[in-house]
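Structural description and commentary
As a plain string of letters, each chain reads:
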Amino acid sequence: MLMLSYFVKIKSMPILDRETTYIMRTKNIFPSIEHLPEPNFIKKPLRQVEFLINGIIEKWNGPFEKVYSPVYGVDEEKAVNEIGSYPLLSGCVALKALDAARKAYDSGRGEWPAMSVESRIEHIRRFVIKMKSKREEVVQLLMWEIGKSRKDSEKEFDRTVDYINDTIEALKQLDRISSRFTISQGIIAQVRRAPLGVVLCMGPYNYPLNETFTTLLPALIMGNTVIFKPPKMGVLLHKPLLDAFAESFPAGVINTVYGDGQEVIAPLMESGFVDVLAFIGSSKVADILKKQHPKPHRMKSILGLEAKNPAIILPDADMDQAINECVTGALSYNGQRCTALKILFVHDSVYDDFVGRFKDEVEKLKVGLPWDKDVQITPLPEPGKTEYLDSLVNDATEKGAKLLNNYKEKSDFSFFFPAIVSGVKSNMRLYHEEQFGPVIPIVKYSNLDEPLEYVVNSNYGQQASIFGENTSEIARLVDTLVNQVCRVNINSQCQRGPDELPFTGRKDSAEGTLSVSDALRVFSIRTLVALKETAGNKEILTDILKENRSTFLSTDFIF
């Protein structure tokens, strides 16, 4: 990497006036373009013109949105970060995608919803094979679009493939259980899962592949048809998969839309024909989307929203373990995770020891570009994020909190080195707002009622972590926390995995439950066929089963 120490003029991030020139000191972080591992991303931005509707990859000739990377390349004393563009589709095109999805579903009579479970699984397997061939392209775009390290980008791709394969196995198990008939009070019945209809899937920028696919693939495999809108940051990485979608599924089963949400999503919601909303983002946006639907009670919502997960460090906590888990839990992918630890409650008897050692560990974190070896702090992709994080820190320090490290010394433009803020109180924004970035508020407590009251009064209820050895105190915390959050982690950070475990939240944190098996259930509904136990009905049922006349009524067993 070329080391730079002079001032250079750069084109602004998209959050700023793009016509304005700014001065930035590179501080040896951003290299010259020729020293980038893939300089063509900046020299020749990737122009996406394709979108998928009704099984056909069409090309857009209208307006486009430029894509800016959090990674800059310096060229002729000017830093540039434009890496591509994607279509700004119109509302008319979005409705065309809706028509294709509705036609493919055809009130449950379409080829896909009426297909046997075994056949749908084969289509998914075909997609996975094609998807795996695009691994390196997707990983490169994850690094460039959202600043995720290579290690984490590869992990996201591989975990997504594993999730799909695990979903297939979970569906096979579910179908085996459903293959039998029950007889009760003279009624013969078979209970199976049936699809819900047209699903609108919208994923988040922090896990634009994995989190999106944890809703998209279960929705598909259960027989629904899908309209998929990628997140605003993390759009281009889905381009390599368009052919795989088109070649693996019947026409109209999956359709893609790109562009401004008000332009392309509002018409879809206002049509009233979206049966399921699968959205991962903010509760504010989720509320807007739901209100746009004319009959929201008829639309099922699966929502992954905000969280402000606390860690509670007890006096007898194993300090090495607690610090290691809290550093990782607060700062993996720069803290840009809903499951991140976003506020630390430390008992006053161990407070000084904890914050001192915590600060030392944070200071050791390696700052660099996504492809740098062992990098831990990478550029932030979200427009305006560094300014927002600065405002949180400034608000806290102005109200009496103490900044434990000079984060600005190691921060640079889209880089934001973790800021550690101690002595955080309830009158500070950091106490309540989800920072979703590398700022760590630390609260001193003397009585367990203090962190418990925080959780009870919080708008969020996803997870919490407890660090300690005292079984009486841990048990007391657990018995309160399980009624406020949906996962309590003992001596470990908050996290989503393993994917077999339920993932959800209370209050403003979630609606619906996701996991490998839970996702199959939330994107379907229990449906049964029942008939009285008469000789004539038995003959009818026997003939249907023997001649394989129905894909629903079946005793076939999938191995």
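The structure presented is a predicted model; accordingly, all values stated were derived computationally and were not measured. (Residues numbered from 1 in each chain as written. Predicted model: local features only at pLDDT ≥ 70, side-chain atom pairs only at ≥ 80, totals over all residues. Heavy atoms only, no water.)

1. Considering the overall build of the chain
Keep this limit in mind: A run of DSSP states H or I qualifies as a helix once it reaches four residues; a run of E qualifies as a strand once it reaches two. Both are numbered from the N-terminal end. The globule rule used here is 2.2 Å times the number of residues to the 0.38 power, and the radius of gyration it is set against is calculated over C-alpha atoms. Whether two residues are in contact is decided by their heavy atoms, any of which lying within 4.5 Å being enough.
In terms of helices and strands, the chain carries 18 helices and 25 strands. Computed over C-alpha atoms, the radius of gyration of the chain comes to 25 Å, within 12% of the 24 Å expected from 2.2 N^0.38 for 559 residues, which places it in the range of a compact globule. With the principal axes as the frame, the chain shows a C-alpha extent of 85 × 65 × 40 Å. Long-range pairs, those at least 24 residues apart, make up 73% of the contacts in the chain between residues at least 6 apart in sequence.

2. A few points about the pattern of salt bridges
Put simply, the rule is: Throughout this description, the term salt bridge denotes a Lys or Arg side-chain nitrogen within 4 Å of a carboxyl oxygen of Asp or Glu. For the exposure calls, accessible area comes from a 1.4 Å probe over protein chains only, and a residue counts as buried if that area is under 20% of its type's maximum, exposed if over 50%, partly exposed in between.
For the structure shown, the criterion picks out 28 salt bridges. Here Arg496 and Glu211 are joined by a salt bridge, their closest N and O atoms 2.7 Å apart. You can see Arg496 sitting in the loop between strand 22 (487-490) and strand 23 (506-507) and its partner Glu211 sitting in helix 7 (residues 210-221), a full 285 residues away along the chain. Neither residue differs from the other here; Arg496 and Glu211 are each classed as buried. Note that Glu434 and Lys342 form a salt bridge whose closest N and O atoms lie 3.2 Å from each other.

3. Focus: the packing of aromatic side chains
The condition that has to hold: Classification of ring pairs rests on two measures: the distance between centres of Phe, Tyr or Trp rings, Trp counted by its six-membered ring, which must be within 6.5 Å, and the angle between planes, read as stacked under 30 degrees, edge-to-face over 60 and tilted in between.
Under the counting rule described, the total for this entry stands at 19 aromatic pairs. Considering the side-chain rings of Phe41 and Trp144, the 5.2 Å spacing of their centres and the 25° angle between planes classify their relative orientation as stacked. Within this pair, whereas Phe41 is found in helix 1 (residues 40-43), its partner Trp144 is found in helix 5 (residues 135-146), the two being separated by 103 residues in sequence. Accessibility expressed as a relative area gives 14% for Phe41, which makes it buried. For Trp144, a relative accessible area of 0% puts it in the buried group. Plain terms: the ring middles of Tyr205 and Phe436 are 6.0 Å apart, the flat faces sit at 70° to each other, and that makes the pair edge-to-face. In this pair, Tyr205 is assigned in the loop between strand 10 (198-202) and helix 7 and Phe436 in the loop between helix 14 (429-432) and strand 19 (439-445), connecting sequence segments 231 residues apart.

4. Observations regarding the sheet that holds strand 12 (residues 254-256)
As a general point, the strands of a sheet are linked pairwise by backbone hydrogen bonds and lie either parallel or antiparallel. In plain terms, the rule: Two strands make a pair as long as DSSP finds a minimum of two bridges between them.
Pairing within the open sheet is mixed, and its six strands lie in the order 12-11-10-13-14-24. Of all the strands in the sheet, just strand 12 and strand 24 (510-511) have a single pairing partner and so form its edges. The pairing of strand 14 (residues 300-304) with strand 24 spans two bridges and is classified as antiparallel. The partner of Gly304 across the bridge, within strand 24, is Ala510.

5. Digging into empty space enclosed by the protein
To keep it simple, the criterion reads: Cavities and pockets were defined on a 1 Å grid built from protein atoms only: a cavity is a group of points that admits a 1.4 Å probe but offers it no way out, a pocket is an open group of points flanked by protein on both sides within 12 Å along at least five of seven lines, and a lining residue is one with an atom within 4 Å of any such point. Grid points are joined across faces, edges and corners, and a volume is the space filled by probe spheres set on the points. Think of it as three bins: nonpolar holds Ala, Val, Leu, Ile, Met, Phe, Trp, Tyr, Cys and Pro, charged holds Asp, Glu, Lys and Arg, and polar takes everything else, Gly as well.
This model, assessed by the stated rule, comprises two cavities of 30 Å³ or more. There is about 50 Å³ of room inside the largest cavity. Lining the largest cavity are Lys308, Asn309, Pro310, Tyr454, Val455, Ser458, Tyr460, Gly461, Gln462, Gln463 and Val485. Taken together, the elements giving at least two residues each to the lining of the largest cavity come down to strand 15 (309-313), helix 15 (449-457) and strand 20 (460-461). For the lining of the largest cavity, the per-class residue count stands at five nonpolar, five polar and one charged. Approximately 30 Å³ is the volume found for the second largest cavity. Lining the second largest cavity are Tyr86, Lys229, Pro230, Pro231, Lys232, Val235, Tyr258 and Gly259.

6. As for helix 2 (residues 91-105)
What counts is decided by this rule: Helix span, expected: 1.5 Å multiplied by one less than the number of residues in the helix.
Taking 1.5 Å of rise per residue, the 15 residues of helix 2 would be expected to cover 21 Å, and the 21 Å separating its terminal C-alpha atoms lies within 8% of that figure. When we look at burial in helix 2, the residues that qualify are Gly91, Val93, Ala94, Ala97, Leu98, Ala100, Ala101, Ala104 and Tyr105. Just downstream of helix 2 lies Asp106, where phi reads positive at about 50°.

7. Some details on the layout of surface pockets
Considered as a void within the structure, the largest pocket measures approximately 1,300 Å³ in volume. Surrounding the largest pocket, 48 residues form its lining, Phe279, Ile280, Gly281, Ser282 and Val285 being those nearest its centre. The set of elements that each furnish at least two residues to the lining of the largest pocket consists of helix 9 (261-271), strand 13 (276-280), helix 10 (283-292), strand 14 and helix 13 (385-398). Across the lining of the largest pocket, the residue classes tally to 23 nonpolar, 15 polar and ten charged. Volume-wise, the second largest pocket comes out at about 970 Å³. In terms of lining, the second largest pocket is formed by 34 residues, of which the most central are Asp152, Lys155, Thr328, Ser332 and Tyr333. Those elements that provide at least two residues to the lining of the second largest pocket are helix 6 (150-178), helix 7 and helix 11 (319-331). When its residues are assigned to classes, the lining of the second largest pocket shows eleven nonpolar, ten polar and 13 charged.

Shape descriptors only; they carry no functional weight alone.
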